[in-house]
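Breakdown of the fold
Residue-level listing of the chains:
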Amino acid sequence: MGSKEICRNELRVAVRQLSDRCLYSASKWAAEQLVGIELDPVKFTPSNTRFQRGSSSIHRRFRNNEITSTPIAGVSYVSTPVMEEDDIVDGDFYLLAKSYFDCREYRRAAHVLRDQSGKKAVFLQCYALYLAGEKRKDEENIELEGPLGKSDAVNKELVSLERELSMLRKNGSIDPFGLYLYGLVLKEKGNEHLARNLLVESVNSYPWNWSAWSELQSLCTTIDILHSLPLNNHWMKDFFLAGAYQELRMHNESLAKYEYLQGTFSFSNYIQAQIAKVQYSLREFEQVEVIFEELLRNDPYRVEDMDMYSNVLYAKECFSALSYLAHRVFMTDKYRPESCCIIGNYYSLKGQHEKSVMYFRRALKLNKNCLSAWTLMGHEYIEMNNTPAAVDAYRRAVDINPCEYRAWYGLGQAYEMMGMPFYALHYFRKSVFLQPSDSRIWIAMAKCYEKDQLHMLEEAIKCYRKAANSNDREAIALHQLAKLHRELGRLEEAAFYYKKDLERMEAEERDGPNMVEALLFLATHCKDQKRFEEAEVYCTRLLDYTGPEKETAKSLLRGMRIAQSGFPSMSAEHFPP
Amino acid sequence: MAGILKVPGAFDVTPHKVSLCILLQVYASPNQLFVPFPFSSFAQHNRLGLFLLALTKSCDDILEPKLHELINQSREIGSSSIDWLADHLISRLSSLSSPDDLFNLFTEMRGVLAGQDAGIVEDDQIILDPNSNLGIFLRRCILAFNLLSFEGVCHLLTNIASYCKEVLSSRAPHEAHLDGSGVNLMEASEYENMDLENLVFEKVTEEIEAKKKAGERIPFHLHVPTPIFGLVEDTDIELSAKPTFKQSTKGKEAISYAMTLDGSSGAVDHGFFLRSNWQIQGYLLEQTDAIEKHGSSFPLNALEFMLGQLQKLAPELHRVHFLRYLNSLYHDDYASALENLHKYFDYSAGIEGFDGIPPSSGFNNSGRYEIALLCSGMLHFHFGHPKQAVEALTEAVRVSQQHSNDTCLAYTLAAICNLLSEIGISNASGLLGSSYSPVANMGTSLSIHQQLFVLLKESLKRAESLKLKRLVASNHLAMAKFHLMHVQRPVLSFGPKASMKLITSPINVCKELRLSSNLISDFDIESSMMITDGSLSTTWLKNLHRQRGSSVIFEETEPGNRSNASSFFSQPNSIPGSVSQLVGASYLLRATAWEMYGSAPLARMNALVYATCFADCASSVDAAVAYGKLIQYLAAYKGYKAAFAALKTVEEKFISVSKSQIMVLKLQLLHERALHRGHSKLAQQICDELAVLSSPVTGVDMDLKAEASFRHARTLLAAKQFSEAAAVAHALFCMCYKFNLRVQDASTLLLLAEIHKKSGNAVLGIPYALASLSFCESFNLDLLKASATLTLAELWLSLGSIHAKRALTLIHSALPMILGHGGLELRARAHIAEAKCHLSDASFSVPETSGVVLDSLRQACDELQILEYHELAAEAFYLMAITFDKMGQLEEREQAASSFQKHIMALEKVTDEEDPLLK
C-alpha cells in the first residue's frame, strides 16, 4: 500500500529532523508512529541503512513518490514536500550545543549558539533559552510560595524570545519550527489568537511536528474554533482531529477517526492508548482493560496513561492487578504524576485514604495542574467525610479545566452530603451538561430532586427517564421510575416501567427485592385491570419466593379463581394492606 | 492546596524590608554621637524615627512600595538630609551583588541592636532597644533572613536587583512598562488620572485654605508622610483630647488630604499602593458598599480590572470572587454572577470574609455553606426566579438549623419575608404551598399573608434574641411595610363564621417605624466596639480611593458641593453606612405611609429629610424614589411647570438609574398633564408606554400594572368612552382583588363611581362611591376618603337640586381634609362642587351669598389654571359667568365668559405640540 510507504518515509525523515532540533517528544511520537505502521512483508527491506547515507537520497525518493500518493478513503491529502535542510553538514558549534542540550544544560547550549546564523542553530538557541526559562520557572514555583498563594513565577525568557522571533518572522527567515516556538511563547503570554494562527502556519508547512499539533489542540476549546482552522489535508491532520474531538468530548467521532488511523498504523501504541481513553470516556471498561493489558505486554515500561488503567482496575476492584501495576510503575519511575496517582488509587482501594491523599498530593507537587489528581483527591476527601476539603479540591480541578465533569459531579455529591440538595443541583447540572450520556449523573440529579426537602418528583422523573435512556448499568432508573409513577398514582406508567424493569432483570438474570416488588405490583395491577391471565402468570412467579409476598400471591390467585368461576367477588379485599 | 490553609502574612524578607533595615541602621548606628551624621537637628532625626515606625507598622504587605516611592515618602523628613539618605540607600542596595554581601549586611544589623549584655548605656549613644517596635522589626528581619534557604537568598538578591533597577527606570518610565506586569499597568492608569487628581487636590486645598482663614487649628502633623496614618489613628486620640472630638476628626480628614497633596506635588509619581492584608480586605469591603450603593451605575470594567490584578497578586484571597459576583449581579450578568458565587463559596467555605460573625465559632469542619445558600437565594430573587429563590432559602433555613447558625437563620428568615412581600402574594401561594418548606410547617391553611406575618414575627424575635441590631431594625421596617401594605383580618380567626372585617393599622406602622429608628441610638453606644482594624484601614483608604478615576465620576453626580464637603468631613463619624441607610429607609417608608394615609405635607417632609440627610449613604434607587416623591408633590401642589423643572435636574442626577423609577415618574406626570389638557390621544400613548415598562410575567410588577390600567381607564373616561372605561375599571378591580391590592381596590371603586357620574348615571355611581368610602374608612385612607366623599356629593348633586343640601353637608365634612392635604385638582373640584351646590339650592339667593360662591370659584379657577386643567377650568368660569350674570355684573360676566371660551378653545384645539420632555 502506497500510502503506508509514504507515511513511513515521511516519518523517517521527520524523526531525524525533529531530533536534530531537539524536539524530543515530537520525535518520540513520530518514531512511535513509524514503528506502528504495519510492515509490508513484500517490500520490507532493512530500510534503516538507507537513511544513514545522508539526506540527499531521501529527497530524491520523495520527489518521485509524492506524485503517486493515493488518497485513502476518498480523502485527498495534500502532500507536503519534506523540508530541505539548509546546512547538511552541521556546524561544529551546533554539534557542541546539541550535546549540551542533550545533557539538559540549556543555557550553555544557547550560549554556544549565540552568534550562529543558520536556521537550525537559531531555532535551537531559542528553544534552549525557552527550556531554560521553563526549568527555572518550575524551580521558582516551588521556591516561591508566598502568602495568599501568590505564584508569579514566569518564564523570564518569554519577552526576549518573543522579540527575537517576531523579528525573524518579519524578516521571513523563520522556519516551521520557529513558528511552533513562537506560537508556544505567545500561548504562554496569553495571546491565544495569534498563537493559533502561528501554529496553523507551522503545521501546514511542516505537519510532522506532533508537539505543534498538540499545542494547537489545547487552543481549540470549542468546535467552532476547530472548524475555522485553515488546515491542509495532511494525514497528520487525522491524528489531530481525533485528539481534538476527544478533548471536545465527541467520543464517537474520535473513536471513528482512531479506528480509521489504525488501518495504517496498526501497531501504534499511541493509537491504542488513545482508543482506550475514548473507551474509558464511554465507560467501556472491559475493552479498556483488554487494550491496556496488550499495551503492557508490548511496552512493559510504559507509564503514560497508566493512571487511567489504574482507574479501570479500581472501578473493577482488581486489588492484585492494581498493586502489580503500582509496583511496576513505581520501579520504572516513581516521580511521575501518573505513578503517584496509581499508588494513590491503590491505597484508596485499600481504604487507606490518608495515604492515598498523600500520594495525590505528591502528584500535585510534581504537576500542579494534574487534573485527575485533584479530582481523585476530592473523591478521597469525600470518603474521609471532609467535605470542605473535597469541595476545595474539586473546585481547583474545575478551575483548571471547566470541562472536568467528574469534578463537577463530585462537587454536587459533596454538597448533597452536606444536606444541600438544591445547591448541589447546580453542580450536577453543570456536570450533566458536559456528559449528557452518563446515567449516573442523571440518577444523582434525580435523587436530589426526589429528596424530601425538595420533593420535586416531576423533575426527578424527567431525570430518571434520561438516565434510563442512556445506558443505565445498575438499572436503578427503571425501578425508580416505576416507583415514582406508582407514588404519583399513574398506574399505567408504573406498570409499563415495572414490566420493562422486569424484562431487564430477566435478561440480566438478576433477582432480589426489586423483582418481587415488580411482580407484586404487576400482579395486582393486572388483576385490577381484569387481565386475569397475565395476573396469574405474575402470581405464580411470585410463589417461588418466600415471605409475605407468597401469601399475598396465593390470596390473589384464590380471589381471581373465585371471580372467574362466576361467583361475585368477595376476594378483592383479601390481600393484606 | 486543599485542606492546608497557609498562614497569611508569613514574614519574609523582601527588598523593601532590606531597605528599611538600611534606614534603621542609619537611624540607630551604634557608633554615632548625639545627632548622627546626616541629620542637622534632633527633630529631623526623630522624624526619621517616626517615619520608620510607620513603615514597620505596615510591613505585612501584599504589595510593597517601590524604592522610588519609598524615597519620595522619605522626602517628608526634611530637605537637607534626604538626598544623602536616598543616595546612601541606593548605593547600599546596589552594592549587594553576591549572597555573601547580604549575609554581611544582616550580620551588621545585629550590631544595631543593643545586646542584652550591653549593660551600661551611655547617654548620648543611640541604641535600638531589642524590645521596641523597631527593634522587634529588625529582629524579625534578621530571623527571617536566617531561616532562608540558599535559594531564598538568591531570590532576595535578584529581587533587590530589580528593585534598584526600577529607580533608574522610573526616571524613564516607558521602559518600566515594557515588561507589562500588573503593577505597572496600575501605574499607567495612575498617570492618566493625574489631571483629575490635581483637580480634586485643588478643591481640597481651597477647603483647607478656607479652614485656615476661619481660624481653625491645623494639627501639627501636617507634614507626616502618608504611611503614618495607621499610627496617627492611634496617637491622635491623646493629642486631640483638648478640643472637641468632632473637630479633631475633621482635622484628621484634612490632613490626610494635605498629605496626598504634598505627596503628589513634591514628587511626580505618587504610586497607588495597597497595603496590608487588612487594608485589602478593607478596600474590598469598601468596594462592596460602593457596588451596593450605586447599583448598575458602578463601572463594571474598572472594578473587574482591579479584581483581576488583585487576584493575580493574591490567588488565595477568595473574597475577590465575591466582589466579582456582586459586580456582575448588579450588572445583571446572571451566568457570571452564579459562577462567581459558587466559586467563592467553594473556595472559602463561607468562612473568609463575612464580618460580624466571629471566625472562631465558625471554624468547624463543616464550613458555612448556609451563607452560600442565602446568597444564592438572593441572587435568584434578584434575577426574578422566585421559585428557585424560595428553594434556596428554605434550604438555607434547614442547613443553618442543622449547623445551629442562628445568625444566618435570622437573616434567611428576613430574606424570605422580603421575598414574600416583594414577589407579590399572588404567585407565592402556589409556591409555598406546593414546596416542602419549613415555612409550610405552620400549616397551609393559613393564607400567605398570615404566613408572612408569622414569619416576620419569628424573624424579629430571633433577631432580637441574637442582638443583631441592624436586622432587628430592618425587620421592624419590614413589619411596618407589612402593616402598611396589607390589609389584615385578625390572624386568629378561623372558620367561616369569623368576622371578615378588613382593617389596616396605622398605629402599628408608626410603632414599628419608631422602633427601627431606635437603632441609631443603640449604635452610638456600640460604635466603639464595631470599628475593627479593617474599617480603620477603610477610612485610611478612602482618601486613596477618592483620587482614583472611577470615583471622580461619582463626584460629579453627587448633589453639588454640599455633599462633597459633607462626605469629607462626616465620614469618620461612628455610624456605619448600613445603619444610616436603614434609618434613611425608615424615613422613606414614613413618607410612603403618610402618602397613603393622606397627609401630603408630612409625606413631603419625610421625603425631604431623606433626600437631604441620607442621600450620601442611600442607594441610588432609594434616592430616586425619594426625589420622585418630592416631584410628585410638586406636581400636585405647584403645577407641572415646577415639577418638570425639578424632574429635569433629577434626571440629570440619576442619569444611569433613570431606567425605571424616574421613567415611570416622568410618564405619570406627562399622562396627568395630557389628561388635564385634554390630549387624550397623547395620554393613551403615554399610558401604553407605561404599561410596557412592567414585566410581562403575571404576578410581577403588580403596582405598575395596576397603575397602567388605572390610567388607561381614566384616559378612556376622559375620551368619553364610558362603557369601555367601565369595562377596564372592572377588570382592574378584579385583578386587584385577586392579587390582594386592597388600596387600589378602593381607588378603583372610586373611579367606577366617577365613570358613572360622568356618564350621567348617578344612581349607579352612588353604591360604588359608598363602597369606596367604606373601604377607605377601614383602611385609614383619609385623603382618598375625602375625595370619595366629594364624589358622592357630586353624585347626589347630579340627582337633582333637592339633594343639594345633602351634598353640601358631605362636602363640608370633607373640606378640612381636602384643604389641608389635598392637591390642587382635588381642592378645585371641591370648590366647584360647593359652588354648584349653592347655585342649585333653591333656597339660595344669589345676591346675598354670592361672595361665598365667587370666592370658591375664583380659587378653583386659579388652581386649575396652574394645572392647565382646561375642562374643569372652563366649568368654573362658566359657573362664574352665570353667577355674575345673576348678579347683573355684566363686565365681569364678559370677562369670565371670555376665559371660559379660551379654555374651551384650548380643549378643542388639541395641538400636538412637540413636547420637549417626550422623546
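On a predicted model such as this, the values are computed, not experimentally measured, just so you know.

Criteria and thresholds
Per chain, the residues get numbers from 1 upward, laid out in the order the sequence is written. Labels are handed out in written order, letters beginning with A for the chains and numbers beginning with 1 for the ligands. Only residues with pLDDT of at least 70 are given local features in this predicted model, and only at 80 or more are side-chain atom pairs given and counted; all residues enter the totals for whole chains, interfaces and linings. To get the side-chain values, take all heavy atoms of the structure and skip hydrogens and water. Secondary structure elements are taken from DSSP: a helix is a run of H or I of four residues or more, a strand is a run of E of two residues or more, and numbering for both begins at the N terminus. Burial classes follow relative accessibility: with a 1.4 Å probe on protein chains only, a residue under 20% of its type's maximum area counts as buried, one over 50% as exposed, and anything between as partly exposed. Contacts are residue-level and defined by heavy atoms, with any inter-residue pair within 4.5 Å sufficient. Residue exposure ignores everything except the shown protein chains as possible cover, and the areas themselves are Shrake-Rupley values with a 1.4 Å probe. A carboxyl oxygen of Asp or Glu within 4 Å of a side-chain nitrogen of Lys or Arg is what we treat as a salt bridge. Lines fitted to the C-alpha atoms define the axes, with helices restricted to the stretch that makes contact. Angles between their N-to-C directions range from 0 to 180 degrees. In what follows, roughly perpendicular refers to angles from 65 to 115 degrees, roughly parallel to angles under 35, roughly antiparallel to angles over 145, and oblique to any angle outside these ranges. Two helices crossing with the near one rotated counterclockwise from the far one by less than a right angle form a left-handed crossing, whereas a clockwise rotation gives a right-handed crossing. Each residue receives one of three labels: charged for Asp, Glu, Lys and Arg, nonpolar for Ala, Val, Leu, Ile, Met, Phe, Trp, Tyr, Cys and Pro, and polar for the others, Gly being one of them. Expected span of a helix, by definition, is 1.5 Å for each gap between consecutive residues, and there is one gap fewer than residues. Among the buried residues, those of types Ala, Val, Leu, Ile, Met, Phe, Trp, Tyr and Cys that are joined through side-chain atoms within 4.5 Å form a nonpolar core. As a per-residue quantity, pLDDT reports the predictor's confidence and falls between 0 and 100. UniProt positions are given in the numbering used here, feature names are shortened, and annotations may be inferred rather than shown by experiment. Two rings belonging to Phe, Tyr or Trp (six-membered ring only in the last case) form a pair when the distance between their centres is within 6.5 Å. Interplanar angles under 30 degrees mark stacking, angles over 60 mark edge-to-face geometry, and anything in between is tilted. Comment: the charge-over-ring label is applied if NZ (Lys) or CZ (Arg) is within 6 Å of the ring centre and within 35 degrees of the ring normal. The quantity called bend is, for any residue, the angle between two axes fitted respectively to the seven residues ending at it and the seven beginning at it.

Let's shift gears to the overall build of chain A. The secondary structure content of chain A amounts to 31 helices and zero strands. Per-residue burial for chain A yields a buried fraction of 53% across its 577 residues. Taking all contacts inside chain A whose residues are at least 6 apart in sequence as the whole, residues at least 24 apart take part in 56%. Of the roughly 26800 Å² that chain A leaves accessible, carbon and sulfur atoms contribute 53%.

Turning our eyes to something else, we now look at the overall build of chain B. Across its full length, chain B holds 44 helices and zero strands. Of all 919 residues assigned to chain B, the portion counted as buried reaches 53%. For chain B, restricting intrachain contacts to residue pairs at least 6 apart in sequence, the fraction spanning at least 24 positions comes to 69%. Accessible area for chain B stands at about 41200 Å²; split by element, carbon and sulfur atoms hold 59% of it.

Side-chain pairs of opposite charge can arise where the charged atoms are in close proximity. This structure, assessed with the given rule, holds 52 salt bridges over all chains. Two residues, Arg714 of chain B and Glu672 of chain B, come together in a salt bridge whose shortest N-O distance is 3.1 Å. Residue Arg714 of chain B is found in helix α35 (residues 702-718), and its partner Glu672 of chain B is found in helix α33 (residues 661-677); the two are separated by 42 residues along the sequence. Overall, Glu672 of chain B belongs to the buried group, its relative accessible area being 17%. In this structure, the salt-bridge partner of Lys836 of chain B is Glu875 of chain B, at a minimum N-O distance of 2.7 Å. A residue pair is termed long-range when its members are at least 10 positions apart, and Lys836 of chain B in helix α41 (residues 824-840) and Glu875 of chain B in helix α43 (residues 870-887) qualify at 39 residues. Residue Glu875 of chain B is classed as partly exposed on the basis of its relative accessible area of 26%. Beyond isolated ion pairs, a larger network of salt bridges with shared partners links Lys28, Lys277, Asp299, Arg302, Glu304 and Asp305 of chain A.

This next bit is on the packing of helix α36 (residues 722-738) of chain B against helix α37 (residues 742-758) of chain B. Residues and elements named next belong to chain B. One way to put it is that α36 packs onto α37 with a least axis distance of 9 Å and a crossing angle of 165 degrees. Taken together, the axes of α36 and α37 are roughly antiparallel relative to one another. As α36 packs across α37, the resulting crossing turns out to be left-handed. Contacts between α36 and α37 involve Phe722, Ala725, Ala726, Ala729, His730, Leu732, Phe733, Cys736 and Tyr737 from the former and Arg742, Gln744, Asp745, Thr748, Leu749, Leu751, Leu752, Ile755 and Lys758 from the latter. Classifying every residue of the contact of α36 with α37 by side-chain character gives twelve nonpolar, three polar and three charged.

The subject of this paragraph is helix α22 (residues 387-400) of chain A. Residues and elements named next belong to chain A. Compared with the 20 Å implied by 1.5 Å per residue over 14 residues, the 20 Å span of α22 between its first and last C-alpha is a close match. Most of α22 is tucked away: twelve of the 14 residues are buried. Along α22, the residues classified as buried are Thr387, Pro388, Ala389, Ala390, Val391, Asp392, Ala393, Tyr394, Arg395, Arg396, Ala397 and Val398.

A general trend in soluble globular proteins is that nonpolar side chains are found buried together. Counting 131 residues, the largest nonpolar core has Tyr415 of chain A together with Tyr325 of chain B as its most contacted members. Residues in contact with Tyr415 of chain A, not counting those within four places in the same chain, are Val391, Met420, Tyr423, Ala424 and Tyr427 of chain A together with Phe345, Asp346 and Tyr369 of chain B. Counting residues in hydrophobic clusters, the runner-up holds 106 residues, among them Phe123, Leu219, Ile225 and Met308 of chain A.

Bringing the packing of helix α21 (residues 371-383) of chain A against α22 of chain A into the picture now. All names here are of chain A. Packing of α21 against α22 leaves a shortest axis separation of 8 Å and a crossing angle of 160 degrees. In terms of their interaxial angle, α21 and α22 are classed as roughly antiparallel. The handedness of the crossing between α21 and α22 is left-handed. Along the contact surface, α21 presents Leu371, Trp374, Thr375, Met377, Gly378, His379, Tyr381 and Ile382, while α22 presents Ala389, Ala390, Ala393, Tyr394, Arg396, Ala397 and Ile400.

Another point: the confidence of the model for chain A. Model confidence for chain A is summarised by a mean pLDDT of 83, while 87% of its residues fall at 70 or above. Low confidence marks residues 46-74 of chain A, where pLDDT is under 50. Its contacts with residues over four positions away, or in another chain, come to 34 contacts.

Another point: the side chain of Asp305 of chain A. Here Asp305 of chain A shows up in the loop between α16 (285-298) and α17 (306-315). If sequence neighbours within four positions are ignored, Asp305 of chain A has contacts with Ala273, Lys277, Phe292 and Glu338 of chain A.

Glancing now at unusual backbone geometry. Negative phi is the rule for most residues except glycine; trans is the rule for most peptide bonds. Within the chain, Lys530 of chain A stands out as a residue other than glycine whose phi angle is a positive 65 degrees. Inspection of the secondary structure assignment puts Lys530 of chain A in the loop between α29 (513-528) and α30 (532-542). Notably, Lys720 of chain B is not glycine yet its phi reads approximately 65 degrees, a positive angle. Within the secondary structure layout, Lys720 of chain B lies in the loop between α35 and α36. Residue classification places Lys720 of chain B among the exposed residues on the basis of a relative accessible area of 53%.

As a further point, take the environment of Leu55 of chain B. Relative to the assigned elements, Leu55 of chain B resides in helix α2 (residues 42-57). Considered as a pair, Leu55 of chain B and His16 of chain B are 39 residues apart in the sequence and their alpha carbons are 9.9 Å apart.

Here the focus is the UniProt feature "repeat: TPR" (unreviewed entry) in chain A. Residues and elements named next belong to chain A. Taking the UniProt record as the reference, the feature "repeat: TPR" (unreviewed entry) is found at residues 337-370, 371-404 and 405-438. Helix makes up 79% of residues 371-404 and strand 0%, whereas the separation of the span's terminal C-alpha atoms amounts to 8 Å. This span, residues 405-438, is 79% helix and 0% strand, and a straight line between its end C-alpha atoms measures 10 Å.

To continue, consider the environment of Ser160 of chain A. Residue and element names in this part refer to chain A. Checked against the element boundaries, Ser160 lands in helix α8 (residues 158-171). Since its relative accessible area comes to 30%, Ser160 is described here as partly exposed. For the pair Ser160 and Leu129, spaced 31 residues apart in the sequence, the C-alpha separation amounts to 9.6 Å.

What follows covers the packing of aromatic side chains. For the structure on display, the rule yields 37 aromatic pairs over all chains. Relative to Phe521 of chain A, the ring of Tyr498 of chain A lies with its centre 4.7 Å away and its plane at 35 degrees, an arrangement referred to as tilted. Here Tyr498 of chain A, found in helix α28 (residues 491-508), pairs with Phe521 of chain A, found in helix α29; they are 23 residues apart in sequence, far enough to count as distant. Taking the relative accessible area as the measure of exposure, Phe521 of chain A reaches 9% and is therefore buried. Aromatic rings pair up to connect Tyr24, Phe101, Tyr106, Phe123, Tyr127, Phe177, Tyr206 and Trp208 of chain A into one cluster. We note Arg806 of chain B situated over the ring of Trp796 of chain B; from NZ or CZ to the ring centre the distance is 4.1 Å.

Residue and element names in this part refer to chain B. An ideal rise of 1.5 Å per residue puts 26 Å on 18 residues; helix α40 (residues 804-821) measures up with 25 Å between its terminal C-alpha atoms. For α40, the principal kink sits at Ala814 and spans about 45 degrees; a proline, Pro816, occurs within the next four residues. Here α40 has its buried residues at Ala804, Ala807, Leu808, Leu810, Ile811, Ala814, Leu815 and Ile818. Where α40 is buried, its residues meet α39 (782-798) and α41.

Our next topic: the environment of Arg714 of chain B. Residues Arg714 of chain B and Leu751 of chain B lie 37 residues apart in sequence; the distance between their C-alpha atoms is 7.8 Å. Those residues in contact with Arg714 of chain B that lie beyond four places of it in its chain are Glu672, Leu675 and Leu751 of chain B.

Attention now moves to the confidence of the model for chain B. Detailed reading of the predicted coordinates is not advisable wherever pLDDT falls low. All names here are of chain B. Of the residues in chain B, 63% reach a pLDDT of 70 or more, and the chain-wide mean stands at 68. Note on residues 171-275: pLDDT is under 50 here. Beyond four places in sequence and across chains, it has 139 contacts. The model gives residues 353-365 a pLDDT under 50, and that stretch makes 20 contacts with residues more than four places away or in other chains. Scored by ipTM, the complex comes to 0.74, with pTM at 0.67.

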